[in-house]
Amino acid sequence: MTRSRQLHLGAFMRPVSIHTGAWRYPGAWPDANFNLGHLRRLIQMLEAARFDAFFMADHLAVLNMPIEALKRSHTVTSFEPFTLLSALAMATQRIGLIATASTTYDEPFHIARRFASLDHLSEGRAGWNIVTTGNPETSHNFGSDQHLAHATRYARAREFYDVVTGLWDSWADDAFVRDVDAGIYFDPDKLHVLDHKGPHLSVRGPLNIARPVQGWPVIVQAGASEPGRQLAAETAEVIFGAEQTIEGGKAFYADVKGRMRAIGRDPDHLKILPAAFVVVGDTIEEAQAKRAHLDSLVHYDSGIRSLSIMLDYDVSGFDPDRPLPDIPESNASKSSRDRVVEAARAKNLTIRQLAASAGSYAGLAFVGTPDSIADEMEAWLEERASDGFNMMFPWLPGGLDDFTSRVVPELQRRGIFRTEYEGSTLRDHLGLPRPENRFFATGQVPVAARA
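None of the values given here were measured: they were computed from a predicted structure.

1. Describing the overall build of the protein chain
So, step 1. In terms of regular secondary structure, the protein chain is built from 14 helices and twelve strands.
So, step 2. Its C-alpha radius of gyration of 22 Å places the protein chain within 12% of the 22 Å reference for a compact globule of 451 residues.
So, step 3. Projected onto the principal axes, the alpha-carbon positions of the protein chain cover approximately 75 × 55 × 45 Å.
So, step 4. Relative to its full complement of 451 residues, the protein chain shows a buried share of 55%.
So, step 5. Taking all contacts inside the protein chain whose residues are at least 6 apart in sequence as the whole, residues at least 24 apart take part in 78%.
So, step 6. For the protein chain, the accessible area works out to roughly 18,900 Å², and carbon and sulfur atoms hold 51% of it.

Put into structure tokens, the structure is as follows:
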């Protein structure tokens, strides 16, 4: 029996596992992050399990850590997301393809064109994960020694969204008439020139590619800070959240959807999917033992540098067996920093404990049997703490196979996850409407100035 509320499941696949010990786990593919054959097999497993989407995070710089820590990282080499997802689009038919692209270190025309291309190549499966880029070291790869201030990054991101979506609306859906007899390829009345001039961006347009299959690729965000929540309420269609408890999830869910109501957006047009790390066993004790062994593979060098990156402050010189001292405010990602500091204070954790957690995975984790994991996921769904999850697998391929072959069938048996795709686009999977073109009504001339 199908239940009224259905889970949505994304798969966090860049890196293929966020756990820094994943590549060392017995039976894991050490090169899974940079092996096209492996990645093709993984996405096909996810599609067979009827996942909504395959999600690729992105980083525009090698992590800022000493070589003794960096040499232990399986993320130093990764495919560029658009190139990989274009290749994977040819190996799949239904699963969504979501890529991260930065509003700080790229330009709107580039982003609009790449995502429109991916949406056409995949026949309507693209999604854009909007990030402002938290890593200050990225600026050095883009001709600057100074990372933009947090508030400025978010102001630019809000304008960036308006420009990109405006570029996607450059053409009416029926602009390309291709009248062979008359020799007319497109109807000039169905072309709009954006001609945007704002405080951060100046973009003329139009986009030199037809309107995406989905109208717009699905808009995805991950920010949990105050500016991030407001930006998501105004623009996002999916949030990859980071709440670690069902109580925190309910509060975040109510807050963001309440903001949507306040500005006139339908709350059902946003799906909130917290990140969830999953380890499956025949018993809870076996699953916990798997997790413990995985965590034991994290070297302290990796953990302390991962912690320093999350805090945007070098804590390697402090006594590892003492509590975290007061640290200054950060210009990097504020939400991840705040979560670490809050956990340190609430649990009186030492730096060594925080480093072990940072190098493994400190967020929401489901560690147990297929039944116990399904119980937890169902509770989040029914109590409106989430609309589903962005799954993180402990090692590849075993951890992914455990979830798709054992947990997914249990979710399907309970009627809270699909057994077949009901549509062909990512918007279909997520139950999201296709956006209207802001400049054209179907079959009509532009509602704003055109060339």
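2. What to know about the pattern of salt bridges
When charged atoms on two side chains of opposite charge get close, those side chains can pair.
So, step 1. For the coordinates displayed, the defined rule picks out 33 salt bridges.
So, step 2. Among the salt bridges present, the one from E226 reaches R259, with a minimum N-O distance of 2.9 Å. Taken together, the residues span a long stretch of sequence, with E226 in helix 6 (residues 226-235) and R259 in helix 7 (residues 246-262) at a distance of 33 residues.
So, step 3. Across the salt bridge formed by R414 and E378, the nearest N and O atoms sit 2.8 Å from each other. In this pair, R414 sits in the loop between helix 13 (398-413) and helix 14 (426-430) while E378 sits in helix 12 (residues 370-382), placing the two residues 36 residues apart along the sequence. E378 shares its class with R414; the two are buried.
So, step 4. Through salt bridges with shared partners, one network takes in D169, D173, R211, R434 and R438.

3. Focus on the packing of aromatic side chains
So, step 1. A full pass over the atoms with the stated rule returns 19 aromatic pairs.
So, step 2. When the centroid spacing of 6.1 Å and the interplanar angle of 50° are considered together, the rings of W128 and F160 count as tilted. Taken together, the residues span a long stretch of sequence, with W128 in strand 4 (residues 126-131) and F160 in helix 5 (residues 150-168) at a distance of 32 residues. You'll find W128 and F160 in the same group, each marked buried.
So, step 3. What links up through ring pairs into an aromatic cluster is the set F82, F115, W128, F160 and W168.
So, step 4. One Lys or Arg, R352, reaches over the ring of Y300 and ends 5.4 Å from the middle of that ring.

4. Some words on unusual backbone geometry
So, step 1. Cis geometry is found at the peptide bond from R14 to P15, where omega equals -5°.
So, step 2. Among the structural elements, P15 can be located in the loop between strand 1 (8-12) and helix 1 (36-48).
So, step 3. In this model, G205 is joined to P206 through a cis peptide bond whose omega is 0°.
So, step 4. The backbone phi angle of R178 is positive, close to 50°, even though this residue is not glycine.

5. Details of the pairing of strand 12 (residues 388-392)
So, step 1. Buried residues dominate strand 12, accounting for five of its five residues.
So, step 2. Alternating residues of strand 12 divide into G388, N390 and M392 and F389 and M391, and every residue in both groups is buried.

6. Side note on the environment of S144
So, step 1. Here S144 is to be found in the loop between strand 4 and helix 5.
So, step 2. Of the residues examined, S144 reaches a relative accessible area of 28% and is grouped as partly exposed.
So, step 3. It is 25 Å that separates the C-alpha atoms of S144 and Q221, two residues lying 77 residues apart in sequence.

7. A few points about the nonpolar core
So, step 1. Counting residues in each nonpolar core, the largest one holds 76 residues, and the members touching the most others are F51, M377, F393 and F403.
So, step 2. With residues near it in sequence (within four places) discarded, F393 still touches A11, M13, V16, S17, L46, F51, F277, V278, G399, L400 and F403.
So, step 3. F12, I98, L294 and Y361 belong to the second largest nonpolar core, which has 24 residues in total.

8. Here we look at the packing of helix 1 against helix 13
So, step 1. Here helix 1 crosses helix 13 at 15°, and the two axes come no closer than 10 Å. One way to sum up the angle between helix 1 and helix 13 is to call them roughly parallel. Seen along the crossing, helix 1 lies across helix 13 with a hand that is left-handed. Touching L42, M45 and L46 of helix 1 are L400, D401 and T404, all from helix 13.

Cut-off values and rules
Residues numbered from 1 in each chain as written. Predicted model: local features only at pLDDT ≥ 70, side-chain atom pairs only at ≥ 80, totals over all residues. Heavy atoms only, no water. Helix = DSSP H or I, 4+ residues; strand = E, 2+ residues; numbered from the N terminus. Rg over C-alpha atoms; globule rule 2.2 N^0.38 Å. Buried < 20%, exposed > 50% of the residue type's maximum accessible area, 1.4 Å probe, protein only. Contact = heavy atoms within 4.5 Å. Areas by Shrake-Rupley, 256 points an atom, 1.4 Å probe, with all protein chains shown as cover. Salt bridge = Lys/Arg side-chain N within 4 Å of Asp/Glu carboxyl O. Phe/Tyr/Trp six-rings, centres within 6.5 Å; stacked < 30°, edge-to-face > 60°. Lys NZ or Arg CZ within 6 Å of the ring centre and 35° of its normal. Core = buried A, V, L, I, M, F, W, Y, C linked by side-chain atoms within 4.5 Å. Axes fitted to C-alpha atoms, helices over the stretch in contact; angles between N-to-C directions. Parallel < 35°, antiparallel > 145°, perpendicular 65-115°, else oblique. Left-handed = near helix turned anticlockwise from the far one by under 90°.

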